[in-house]
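# Summary of the model geometry
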Number of protein chains: 2
Amino acid sequence: MTVTLADVAARAQVSPATVSRVLNGNYPVAATTRERVLRAVDELDYVLNGPASALAAATSDLVGILVNDIADPFFGIMAAAIQSEIGGPGGRAGGERLGVVCNTGGSPERELTYLTLLQRQRAAAVVLTGGAVENTAHATAVATKLRKLADAGTRVVLCGRPPAPADTDAVALTFDNRGGGQELTEHLIELGHRRMGYIAGPEERTTTRHRLEGHRAALAAHGIPDDPAWTVHGRYDRRAGYEATLELLRREPSLTAVVAANDTVALGACAALRDSGLRIPDDVSVVGFDDLPFSVDAVPALTTVRLPLSEAGALAGRVAMGREEAPEGGIVTVRGELMVRGSTGVPKG
Amino acid sequence: MTVTLADVAARAQVSPATVSRVLNGNYPVAATTRERVLRAVDELDYVLNGPASALAAATSDLVGILVNDIADPFFGIMAAAIQSEIGGPGGRAGGERLGVVCNTGGSPERELTYLTLLQRQRAAAVVLTGGAVENTAHATAVATKLRKLADAGTRVVLCGRPPAPADTDAVALTFDNRGGGQELTEHLIELGHRRMGYIAGPEERTTTRHRLEGHRAALAAHGIPDDPAWTVHGRYDRRAGYEATLELLRREPSLTAVVAANDTVALGACAALRDSGLRIPDDVSVVGFDDLPFSVDAVPALTTVRLPLSEAGALAGRVAMGREEAPEGGIVTVRGELMVRGSTGVPKG
DNA sequence: CTGTTAGCGCCTTCAG
DNA sequence: CTGAAGGCGCTAACAG
């Protein structure tokens, strides 16, 4: 029924092995022979059987990309960049690799499930993006999985995620969330703000914790007390930002600034402030984090920290493909850049 | 080195066949035996070899999801919805399927390449999302590919994409882009607008053409002449919207409304208008399309057509999994809903 | 440079 | 309900 490599070999009057060599291009084959094989492939409209070749070679062309939320541009941008480096030539079987994006939805179980699925597929590499869940049991389980993947020859790269235990052999490109958070709050402090609300992401996430730590470090550095009531946790979405802002306003109507865990949350915060009749930045300043494409279009444009998502993703992709050396020690920290725009100003009064 | 099914069988003191049956759960096995096998699997930390099982069974657990631009929430939202229906139980081998998102970047070649890769992997299903490229050669190539995929047992579903030729056996969930486009322009006409600029998407895309056709149908229905100079094509991104708007303003400073191909483009249009010192909607009204999450946060909030991306994606996912019957004739048209918000008003003067 | 020979690890009839 | 046996399609040593 389906044409196999043997059919091609017969038509081209060579052995199956030769066809395989032509297809994988990793072995010297006479030009005329290659020509003949390629023609046969074409005439028969032959398509290599991936599973069979993966089985025989004990490795596949799959590269897994795990993201917390594919509907969030933060991950979409990174995933696109990673994939753009993976699609190219360099793999086995015709030089094409299949970059597959897996959406964990932020769920630890799904993350583990996908890792197992990828392990089962004998993936060539796996890239984990974004913040990790900070649950000891889960962190251990993930580390164990990564260890096994690495043992099985799968390259493991972390992108925008803190380093895994050293014995997992994972390369890590980490974002300096702490530093960015600190810069943002310091910017507000310099403008004169003292009463700032903080909308944090979900608890037990590294991203959440690091950004919050940066904020607190800035407060501490300037001797500003940190009132726990001025910090609210929520998901990384617009709605959470909206609701958290109303809650903060209820707790402390005199806030002069709102620091959001990311741009999406900041957008929700802006909406809540407007709906509460407050002007930005005249009454309340707002800052986000990430500098997603829409942030510059907010009115007023959002002050935020730009993360080089695309660049980081591309680098991660190259490392995953083995096309670029892993950095010394396997860890790179990528800094963000403070983008001061219209959403922040001096506090009123 | 690596643990195989045979190892598990030995440890559980059963035959490999029995282990296979337990793992796939598609065959009666005595409870006590199953128990024993499962324990052995656990103790040995056995992970099924995907390629081997795909080879033997002539089908894999992969489900491909093709998107034009994963960084665009339009696709991200659909992809997330599709994947959420795929991850669940129902597949072979432990009931898990691997939903893989492939980013074509809108390139016909990459689309074909991914389709081949998926064919090579013997994917269980493939979901193609978003507008198709309207190039005859390419359309034919894709149709041929889909035909072959279907012949090989791969289920093919189109989501937010016009139906493929009937003989491809592809189920299609189509968005009523024409109707939505017409409603939007009709809304503007009813407000009193007569001079409307149109920012279309890339040429040779079904989405672009259909939305534009809707716009023109509305103009025609009201006897409003359609000046070709008032239509500009560009990519589906913010920047294209920004530049196209400046161009339209240059060509016709007296425009009272700008119709954008989608929300992202509309956002760019708003920015350009603001930068040109024009107020929205007092000087110029703006409408988008899709109703992405950020659209309600624009200032003023964007008038647009809401597409049920999540619902459509979920349905497509279920059909792809064979968990839901394909509709009669294999085609469903999903209508959008006009969302009138602050970005549109009566024209000045 | 090319053909031959063994499997890769699993599923699936076919018996029992 | 369970075991035995053959083969899925390809690759990777070996010889030549």
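Residues numbered from 1 in each chain as written. Chains lettered and ligands numbered in written order. Predicted model: local features only at pLDDT ≥ 70, side-chain atom pairs only at ≥ 80, totals over all residues. Heavy atoms only, no water.

Where an unreviewed UniProt entry is consulted, chain A appears under the name LacI family transcriptional regulator, with the organism given as Streptomyces flaveus.

### Considering the overall build of chain A
Applicable threshold: Helix and strand definitions here come from DSSP, where helices need a minimum of 4 consecutive H or I residues and strands a minimum of 2 consecutive E residues; each element is numbered from the N-terminal end. Working definition: with a 1.4 Å probe on protein chains only, accessible area under 20% of the residue-type maximum means buried, over 50% means exposed, and in between means partly exposed. Here a residue-residue contact requires only that any non-hydrogen atoms of the pair lie within 4.5 Å. Computed with the Shrake-Rupley method and a 1.4 Å probe, the accessible areas treat only the protein chains shown as cover for residues. Charged residues are defined narrowly, with Lys and Arg counted positive, Asp and Glu counted negative, and His plus the chain ends left uncounted. The atom standing in for a charge is NZ when the residue is Lys, CZ when it is Arg, CG when it is Asp and CD when it is Glu.
Along chain A, the regular secondary structure elements total twelve helices and twelve strands. Each principal axis of the C-alpha distribution contributes one length, and for chain A these read about 90 × 40 × 35 Å. Within the span of chain A, comprising 349 residues, buried residues form 58% of the whole. Once local pairs closer than 6 in sequence are excluded, the contacts in chain A between residues at least 24 apart make up 74%. Summed over all atoms, the accessible surface of chain A reaches about 13700 Å², with 52% contributed by carbon and sulfur. Put simply, chain A has 35 plus and 41 minus side-chain charges, and the middle of one group is 4 Å from the middle of the other.

### Remarks on the layout of surface pockets
Any empty space left between atoms is shown by rolling a water-sized probe over those atoms. Just so we agree on the cut-off: Buried and open spaces are told apart on a 1 Å grid over the protein atoms alone, a cavity being a set of points where a 1.4 Å probe fits but cannot get out and a pocket being an open set with protein on both sides within 12 Å along at least five of seven lines. Residues with an atom within 4 Å of a point are the lining residues. Grid points are joined across faces, edges and corners, and a volume is the space filled by probe spheres set on the points. In this classification, Asp, Glu, Lys and Arg are treated as charged, Ala, Val, Leu, Ile, Met, Phe, Trp, Tyr, Cys and Pro as nonpolar, and every other residue, Gly included, as polar.
Approximately 1200 Å³ is the volume attributed to the largest pocket. A:Asp69, A:Ala71, A:Tyr236, A:Asp237 and B:Pro293 are, among the 46 residues lining the largest pocket, the residues nearest its centre. Those elements that provide at least two residues to the lining of the largest pocket are helix 5 (73-86), helix 9 (206-221), helix 10 (238-251) and helix 11 (263-275) of chain A together with helix 5 (73-86) and helix 12 (309-321) of chain B. By residue number, the principal contributor to the lining of the largest pocket is helix 5 of chain B, which donates four residues. A breakdown of the residues in the lining of the largest pocket according to their chemical character gives 20 nonpolar, eleven polar and 15 charged.

### Some thoughts on the protein's contact with DNA strand C
Quick note on the threshold: Here, proximity means that at least one heavy atom of the residue falls within 4 Å of the molecule or strand.
In the vicinity of DNA strand C lie 26 residues, with A:Ala30, A:Thr33, B:Leu5, B:Ser20 and B:Tyr46 positioned nearest. Of all the secondary-structure elements, those providing two or more residues to the surface near DNA strand C are helix 2 (16-24) and helix 4 (50-57) of chain A together with helix 2 (16-24) and helix 4 (50-57) of chain B. Among the elements that make up the surface near DNA strand C, the one with the highest residue count is helix 4 of chain B (five residues). Residue composition of the surface near DNA strand C, grouped by class: 15 nonpolar, nine polar and two charged.

### With respect to the relation of the copies chain B and chain A
Defined as follows: Our superposition of the copies is a least-squares fit, built on the C-alpha atoms of residues whose pLDDT is at least 70 in both.
Expressed as a screw transformation, the operator carrying chain B onto chain A has a rotation angle of 180° and an axial translation of 0.0 Å, and the superposed copies differ by an RMSD of 0.1 Å. Between the two chains, the operation in question is that of a two-fold axis. When the interface residues of chain B are mapped onto chain A, 100% of them again fall at the interface, so both copies present the same face.

### What about the protein's contact with DNA strand D?
By nearness alone, 26 residues border DNA strand D, and A:Leu5, A:Ser20, A:Tyr46, B:Ala30 and B:Thr33 come closest of all. Sugar and phosphate atoms form 70% of the subset of DNA strand D atoms that lie within 4 Å of the protein. At the level of secondary structure, the elements contributing two or more residues to the surface near DNA strand D comprise helix 2 and helix 4 of chain A together with helix 2 and helix 4 of chain B. In terms of residue count, helix 4 of chain A provides more of the surface near DNA strand D than any other element does, five residues in total. Class assignment for the residues of the surface near DNA strand D results in 15 nonpolar, nine polar and two charged.

### Here we look at helix 3 (residues 31-44) of chain A
All names here are of chain A. Condition: A helix is expected to reach a length of 1.5 Å times the quantity of its residues less one.
An ideal rise of 1.5 Å per residue puts 20 Å on 14 residues; helix 3 measures up with 20 Å between its terminal C-alpha atoms. Contacts from the buried residues of helix 3 go to helix 1 (5-12) and helix 2. Positive phi shows up at Asp45, right after helix 3, with a value of about 60°.

### A closer look at the UniProt feature "domain: HTH lacI-type" (unreviewed entry) in chain A
Condition: UniProt positions are given in the numbering used here, feature names are shortened, and annotations may be inferred rather than shown by experiment.
Under the feature "domain: HTH lacI-type" (unreviewed entry), the UniProt entry names residues 3-57 of chain A. When the span residues 3-57 of chain A is considered, its composition is 71% helix and 0% strand, and the gap between its end C-alpha atoms is 20 Å.

### Comments concerning the nonpolar core
Put simply, the rule reads: Side-chain atoms within 4.5 Å link the members of a nonpolar core, which is a set of buried Ala, Val, Leu, Ile, Met, Phe, Trp, Tyr and Cys residues.
Counting 96 residues, the largest nonpolar core has A:Ile70, A:Phe74, A:Phe175, A:Leu309, B:Phe74, B:Phe175 and B:Leu309 as its most contacted members. Among the nonpolar cores identified, the runner-up in size contains 38 residues, and A:Ala170, B:Ala123, B:Val126 and B:Leu146 belong to it.

### With respect to unusual backbone geometry
All names here are of chain B. Here Ile280 and Pro281 are connected by a cis peptide whose omega angle stands at 5°. Mapped onto the elements of the fold, Pro281 is located in the loop between helix 11 (263-275) and strand 9 (285-287). For the bond from Val299 to Pro300, the omega torsion is -5°, close enough to zero to count as cis. Along the polypeptide, Pro300 turns up in the loop between strand 9 and strand 10 (304-306).

### Points about the pattern of salt bridges
Heads up, the rule is: When a carboxyl oxygen of Asp or Glu lies within 4 Å of a side-chain nitrogen of Lys or Arg, that pair is called a salt bridge.
Using the criterion set out here, one finds 48 salt bridges over all chains in the structure. With a shortest N-O distance of 2.3 Å, B:Lys148 and A:Asp45 are connected by a salt bridge. In this pair, B:Lys148 is assigned in helix 7 (residues 136-151) and A:Asp45 in the loop between helix 3 and helix 4, connecting two distinct chains. With a relative accessible area of 28%, B:Lys148 lands in the partly exposed category. Three or more residues joined by partner-sharing salt bridges are found here, namely A:Glu85, A:Arg318, A:Arg323 and A:Glu324.

### Describing the packing of helix 2 of chain A against helix 3 of chain A
Residue and element names in this part refer to chain A. The criterion, for reference: Note on geometry: axes are C-alpha line fits, over the in-contact stretch for helices, and angles between N-to-C directions span 0 to 180 degrees. Roughly parallel refers to an angle under 35 degrees, roughly antiparallel to one over 145, roughly perpendicular to one between 65 and 115, and oblique to any angle outside these ranges.
Contact geometry of helix 2 with helix 3 gives a least axis separation of 10 Å together with a crossing angle of 90°. In terms of axis orientation, helix 2 runs roughly perpendicular to helix 3. For the pair helix 2 and helix 3, the contacting residues are Thr18, Val19, Val22 and Leu23 in the first and Thr33, Arg34, Val37, Leu38 and Val41 in the second. The class makeup of the residues in the contact of helix 2 with helix 3 is six nonpolar, two polar and one charged.

### Re the sheet that holds strand 7 (residues 231-233) of chain B
Residues and elements named next belong to chain B. As a reminder, the rule being used: One requirement defines pairing of two strands: DSSP has to find at least two bridges between them.
The strand order across the open sheet formed by four strands is 7-6-8-9, and the pairing between neighbours is parallel. Where the open sheet ends on each side, the last strands, each with one partner, are strand 7 and strand 9. Strand-to-strand, the axes of this sheet are offset by a mean angle of 15°, without reference to chain direction. Of the strand pairs in this sheet, strand 6 (residues 196-200) and strand 7 are connected by three bridges, and their pairing is parallel. What sits directly across from Ile199, in strand 7, is Val232. Across the sheet, helix 9 (residues 206-221) lies against strand 6, strand 7 and strand 8 (257-260), angled at about 165° from strand 6, the strand it touches most. Here helix 11 sits on the sheet in contact with strand 6, strand 8 and strand 9, set at roughly 160° to strand 9.

### Focus: the pairing of strand 1 (residues 62-67) of chain B
Residues and elements named next belong to chain B. Extensive coverage of strand 1 is indicated by the burial of six of its six residues. By the bridge criterion, six bridges tie strand 1 to strand 2 (residues 98-103) in an arrangement that is parallel. Note on strand 2: the bridge partner recorded for Ile65 is Val101. Pairing between strand 1 and strand 3 (residues 125-129): four bridges, direction parallel. If you follow Ile65 over to strand 3, its bridge partner there is Val127.

### Let's talk about the interface of chain B and chain A
Put simply, the rule reads: Within 3.5 Å is the distance limit for a polar contact, defined as a pair of N or O atoms, with the added protein rule that one can donate a hydrogen and the other accept it, and that residues adjacent in sequence qualify only through two side-chain atoms.
The interface is formed by 47 residues belonging to chain B together with 47 residues belonging to chain A. On the surface where chain B and chain A come into contact, there are four salt bridges. Across the pair B:Asp297 and A:Arg238 runs a salt bridge whose closest N-O atoms are separated by 2.1 Å. Remark: the boundary between chain B and chain A carries eleven residue pairs in polar contact (both at pLDDT 80 or more). Elements with a minimum of two residues in the side of chain B that touches chain A: helix 4, helix 5, strand 2, helix 6 (108-120) and helix 11 of chain B. Counting residues per element, the side of chain B that touches chain A draws most heavily on helix 6 of chain B, at eight residues. In terms of residue class, the side of chain B that touches chain A is built from 27 nonpolar, ten polar and ten charged.

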